[in-house]
2 protein chains.
Amino acid sequence: MTTKTKKKGAATLPLNEILAGDCVEVMNSLPENSVDLIFADPPYNLQLRGDLHRPDNSKVDAVDDHWDQFDSFKAYDKFTRAWLAAARRILKPNGAIWVIGSYHNVFRMGAELQNQGFWILNDVVWRKSNPMPNFRGKRLTNAHETMIWASKQEASKYTFNYEALKALNDGVQMRSDWVIPICNGHERLKDDAGNKAHPTQKPEALLHRVMVAATNPGDVVLDPFFGTGTTGAVAKMLGREFIGIEREEAYREVAKKRIDNVRKFDKEALTVSQSKRAQPRVPFGQLVERGMLRPGEVLTSPRGKVAKVRADGTLVSDDVKGSIHQVGAALEGAPSCNGWTYWMFKRDGKNVPIDLLRQQIRAEMAERPN
Amino acid sequence: MTTKTKKKGAATLPLNEILAGDCVEVMNSLPENSVDLIFADPPYNLQLRGDLHRPDNSKVDAVDDHWDQFDSFKAYDKFTRAWLAAARRILKPNGAIWVIGSYHNVFRMGAELQNQGFWILNDVVWRKSNPMPNFRGKRLTNAHETMIWASKQEASKYTFNYEALKALNDGVQMRSDWVIPICNGHERLKDDAGNKAHPTQKPEALLHRVMVAATNPGDVVLDPFFGTGTTGAVAKMLGREFIGIEREEAYREVAKKRIDNVRKFDKEALTVSQSKRAQPRVPFGQLVERGMLRPGEVLTSPRGKVAKVRADGTLVSDDVKGSIHQVGAALEGAPSCNGWTYWMFKRDGKNVPIDLLRQQIRAEMAERPN
DNA sequence: TACTCAGATGAATCCCACG
DNA sequence: ACGTGGGATTCATCTGAGT
């Protein structure tokens with residue numbers, strides 16, 4: 001495992017390590033505003049039948065009493081409040097968190113996220129293609145778990161690789177319900193006796209999609225309930241840095257061995273479809289300066305509106321003057337207008353969007369970046 | 001509308017009526033332990049900011065009604081606490097409740113349900129087959145809403161028609177995620193001017209499934225946020241008794257007229273559209289997420305072209321990037337190309353079309369439909 | 001009639017670099 | 001910090017007019 005550290009003020013950030021201990025204490029020892037993404041799969045040990053243990057492992061006596069249930073909810077809320085606050089402190093201002101849970105705990109996590117000022121971006125349903133059936137026929141097959149994606153605050157400029165997720169979904173915008181098989185087969189880690197190494201190991205496909213969606217290569221991803229290290233394994237494959245925190249030594253050992261055996265994907269495979277927003281801005285005036293369009297030349301719209309190009313890169317049409325966007329919006333009575341795709345010019349007798357000229361300039365810029 | 005009443009101690013239960021007023025006050029005026037099922041679709045507290053336009057510049061009709069405005073989470077919690085307590089009092093000991101919401105409010109409702117001693121049986125995801133897209137490309141398509149099904153207490157012997165739901169689902173155990181279209185077309189109620197009678201009308205198919213699952217004929221179903229009366233309409237069709245509570249006179253009027261026109265047991269309008277695709281679409285990206293192909297892996301074409309797989313399920317080859325189909329077409333100089341049959345990967349030293357992997361996934365899907 | 005195609009629309013916490 | 005304005009962004013389904 002490669003170990004790097006990042007300086008952040010006085011404290012340093014231990015990268016690609018599995019830290020031992022209680023996640024709240026460990027997170028509190030890390031520098032604030034230092035982590036890009038947190039993925040958390042906390043225990044739901046609200047025990048509903050049989051022995052009831054509070055999250056701190058103290059035992060609750062009576063089970064069937066409403067007040068004891070309430071007491072255990074209170075304890076679980078206290079636990080949730082503590083680790084979410086610690087997580088929020090170490091998140092960068094533009095950072096985000098994903099938590100996963102079932103109906104036993106996810107409502108309490110979601111409410112506490114909101115209470116602490118996290119800003120929910122989506123709730124995402126992991127729809128299991130092969131869930132365990134409900135054997136007694138007393139309820140619906142519990143065929144999904146819920147993830148909550150939230151930024152540190154409402155104003156956060158969170159990372160979302162929209163185009164990459166659209167590409168993952170065959171060119172259609174990715175939805176909030178994801179069909180992914182549960183973790184089994186070769187991917188499921190077993191001990192020497194053939195028993196599951198961890199009771200709730202998450203599929204790598206789930207983490208793959210989360211990280212492609214919400215991080216960029218080189219980002220730091222922290223998992224406070226690391227378990228057998230799915231988060232670390234996928235982070236390494238995808239060229240992200242990880243920080244794991246895990247209390248149980250047995251899990252840490254399994255995770256370390258697992259991650260050591262992971263190979264990084266090569267760099268080219270990690271670059272992902274880019275949004276147009278990432279492309280350099282080209283002022284319309286540049287087309288005029290370069291002689292791609294002449295002052296006085298007439299542009300037309302799909303619905304037959306016309307405007308004349310002026311030497312300074314503005315348009316004029318009857319009583320309207322201004323940018324390609326402003327004139328387009330005014331002529332359409334629309335709140336806004338993308339002039340690049342709205343206006344067309346004549347080439348070889350055919351009307352062609354002026355965006356074609358911008359693409360030519362961008363292609364030149366890519367060849368000779370200056 | 002047939003009006004019956006049921007005696008319960010001193011007070012009586014008004015059946016098949018729409019009661020005017022605040023739902024907490026009205027519920028408090030009803031006898032305790034008297035209702036079999038409550039279905040509640042409370043305000044979501046959406047907290048919308050500015051206007052939203054589609055890419056074609058048309059404006060999205062926002063849910064900006066006064067009844068959805070709350071000053072804070074604290075105010076919303078107070079509201080939730082009050083109506084859930086009133087609802088719980090009138091529920092029979094073996095009764096149950098369904099609530100529906102989005103990520104804006106459902107976590108707070110779920111936590112409060114637990115706090116009050118309701119016993120969650122399932123969270124149920126309504127997966128919309130035709131949700132509104134995310135127009136700005138800043139988040140995932142919000143393609144689902146969440147329902148919570150809870151009994152009055154842990155010891156409740158709640159109603160669950162397991163076999164009926166299994167039958168509704170082609171003989172396979174019903175799962176916790178339900179695919180149902182949003183309410184539109186002829187089912188969507190309009191006023192004389194052609195505007196939506198209610199901004200958030202729920203589909204009858206959803207209520208149909210809830211009532212078939214959780215009630216028997218003759219049961220009393222109460223809806224404290226009746227709106228335009230979907231709950232009442234479906235209850236009448238299915239031979240259940242309903243009690244509606246609605247504050248707004250305009251909604252009550254629409255609902256009354258609607259329910260008066262409902263015929264019992266008119267199942268034709270209720271059959272859930274199955275719309276099975278002959279062959280389900282499998283995004284190429286799924287092969288990457290599932291680890292069937294690795295980012296960086298090289299695919300080859302019959303004529304020796306090569307391309308590398310990227311983490312988002314796109315390919316890259318020399319100067320061309322894009323989907324398996326786009327890159328294939330570009331390399332062949334063809335207008336189109338079926339990437340599934342064009343590209344091959346290496347398995348056991350032999351080149352095999354990637355379509356083989358798609359067939360594997362489809363086979364899994366066929367074994368476990370839904 | 002049957003089919004095509006343009007237009008409308010749905011519970012939505014929906015931009016951001018630059019001056 | 002705040003205002004300005006360039007310019008990026010959509011899927012499934014139903015309706016209704018036209019052929």
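Source: prediction; values computed, not measured.

Enquirer: Could you give an account of the protein's contact with DNA strand D, with specific residues and numbers?
Expert: Residues and elements named next belong to chain A. Inspection of the region around DNA strand D gives 29 residues, with Tyr 162, Lys 166, Gln 173, His 325 and Arg 358 positioned closest. A breakdown of the atoms of DNA strand D within 4 Å of the protein gives sugar and phosphate a share of 64%. Breaking the surface near DNA strand D down by element, the ones donating at least two residues are helix H4 (162-168) and helix H10 (324-332). Among the elements that line the surface near DNA strand D, the one with the most residues is H4, at 3 residues. Per-class residue counts for the surface near DNA strand D are 9 nonpolar, 13 polar and 7 charged.

Enquirer: Now, about the protein's contact with DNA strand C: what can you tell me, with residues and values included?
Expert: Residue and element names in this part refer to chain B. The environment of DNA strand C is made up of 37 residues, and the closest members are Gln 47, Arg 54, Tyr 103, Arg 136 and Lys 138. Within 4 Å of the protein, the contacting atoms of DNA strand C are 45% sugar and phosphate, with bases supplying the remainder. In this structure, Lys 138 approaches DNA strand C through a side-chain N or O atom, which is 2.6 Å from a phosphate oxygen. Here a sugar or linking oxygen of DNA strand C sits 3.1 Å away from a polar atom, N or O, in the side chain of Asn 142.

Enquirer: For the domain arrangement of chain A, give the residues involved together with the corresponding values.
Expert: For chain A, the assigned domains read domain 1 (17-47 + 59-270) and domain 2 (284-367). Each of domain 1 of chain A and domain 2 of chain A was reduced to a C-alpha centroid, and the two centroids are 48 Å apart.

Enquirer: Residue-level account of the confidence of the model for chain A, with values.
Expert: All names here are of chain A. Mean pLDDT for chain A: 91, with 90% of residues reaching 70 or above. Counting interchain partners and residues more than four positions distant, the pLDDT-below-50 stretch residues 48-54 has 22 contacts. Confidence drops under pLDDT 50 across residues 60-64; counting only partners more than four residues distant or on other chains, this segment forms 9 contacts.

Definitions and cut-offs
- Throughout this description, residue numbers start from 1 for each chain and increase along the sequence as written.
- Going through the entries in the order they are written, you letter the chains from A and number the ligands from 1.
- Reporting of local features is limited, given that this is a predicted model, to residues whose pLDDT is at least 70; pairs of side-chain atoms are given and counted only at 80 or more, and all residues count toward the totals for whole chains, interfaces and linings.
- The basis for every side-chain value is the complete set of non-hydrogen atoms in the structure, without hydrogens or water.
- Here, proximity means that at least one heavy atom of the residue falls within 4 Å of the molecule or strand.
- Secondary structure follows DSSP: runs of H or I at least 4 residues long count as helices, runs of E at least 2 residues long count as strands, and numbering of each begins at the N terminus.
- Residues are sorted three ways: Asp, Glu, Lys and Arg are charged, Ala, Val, Leu, Ile, Met, Phe, Trp, Tyr, Cys and Pro are nonpolar, and all the rest, Gly among them, are polar.
- Side-chain atoms alone can form a polar contact between residues adjacent in sequence; in general such a contact is a pair of N or O atoms within 3.5 Å, and within protein one must be able to donate a hydrogen while the other accepts it.
- Per the annotation, domain bounds derive from an automatic or database assignment of domains.
- Known as pLDDT, the predictor's confidence for each residue is given on a scale from 0 to 100.
- Contacts are assigned to residue pairs that have any heavy atoms within 4.5 Å of one another.

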